[in-house]
Amino acid sequence: MIDASFLVALFKDNENIDIRHINLFQKYEKSPLKVSRHKKVIKIKIYCDECKEENRYNIPLKLLTRPGGHHVYCCGCGYELGYLGSKTDVEAVVTKHRRQVELLIHEMGLDEYFTNPLVVFELINYIHDMAENKKIYCQCSSQDVAASLSSDKIELTCKKCGATYIVKAGDRKDLEAVKKMGSIIIKSKSCDKLIKY
Ligand SMILES: [Zn+2]
Ligand SMILES: [Zn+2]
């Protein structure tokens with residue numbers, strides 16, 4: 001008997017793996033994933049945030065839930081976008097992925113020091129990405145920013161003028177708040193003076 005459903009795990013964030021349940025009898029469209037069935041072929045489309053492009057994969061229906069599942073990589077950047085397969089396989093991969101993150105957190109020593117190591121870990125990654133995409137800058141126009149960590153916050157310092165910005169990292173709400181921000185602007189002290197003169 002063919003199981004009419006399968007799972008897709010999307011690895012967008014390091015901690016928050018997004019698991020989607022797909023029913024083969026229904027068209028599925030919920031960003032970044034689109035699934036449709038064309039006779040004996042399942043068409044999967046996953047949008048890569050990094051490349052701003054949609055990746056397309058065709059998987060024969062009979063291979064969809066084969067043991068071992070399917071790792072899905074972006075054709076552009078090579079990043080592993082997700083994993084799809086049977087419920088059992090996807091759950092096993094997700095568990096393994098979470099353990100690897102926990103191990104990494106432990107090796108970085110984050111679990112001894114932080115109130116919420118998972119949140120800090122994800123924030124560090126997120127802030128790193130923001131910095132790479134030039135989304136963090138200081139009012140003094142510098143984008144040269146250093147980050148330092150303490151138990152429940154990350155402090156960003158402008159290397160040029162010394163202005164600082166505190167990113168709270170105590171719980172998931174702090175993380176969500178940062179994700180909603182398009183960019184982080186560090187308030188420069190010298191800039192304040194310029195406005196006030
Ligand atoms: Zn990509
Ligand atoms: Zn500055």
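Look above for the structure.
This write-up is about the structure you can find in this document.

Take the packing of helix H3 (residues 117-132) against helix H4 (residues 172-180) next. Across the interface, H3 lies against H4 with an axial gap of 9 Å and an inter-helix angle of 15°. Classified by the angle between their axes, H3 and H4 sit roughly parallel to one another. Crossing angle aside, the handedness with which H3 passes H4 is left-handed. Residues Val 119, Glu 122, Leu 123 and Tyr 126 of H3 pack against Arg 172, Asp 174, Leu 175, Val 178 and Lys 179 of H4. Counted by class, the contact of H3 with H4 contains five nonpolar, no polar and four charged residues.

Secondary-structure assignment places Gly 85 in strand E8 (residues 80-85). Distance in space between the C-alpha atoms of Gly 85 and His 70 is 6.2 Å, their sequence separation being 15 residues. Once you skip the residues sitting within four places of it in the chain, Gly 85 turns out to touch Phe 6, Leu 7, Thr 65, Gly 69, His 70 and Val 90.

Calculation criteria
- Residues numbered from 1 in each chain as written.
- Chains lettered and ligands numbered in written order.
- Predicted model: local features only at pLDDT ≥ 70, side-chain atom pairs only at ≥ 80, totals over all residues.
- Axes fitted to C-alpha atoms, helices over the stretch in contact; angles between N-to-C directions.
- Helix = DSSP H or I, 4+ residues; strand = E, 2+ residues; numbered from the N terminus.
- Parallel < 35°, antiparallel > 145°, perpendicular 65-115°, else oblique.
- Left-handed = near helix turned anticlockwise from the far one by under 90°.
- Contact = placed C-beta atoms within 7 Å.
- Nonpolar A, V, L, I, M, F, W, Y, C, P; charged D, E, K, R; others polar.

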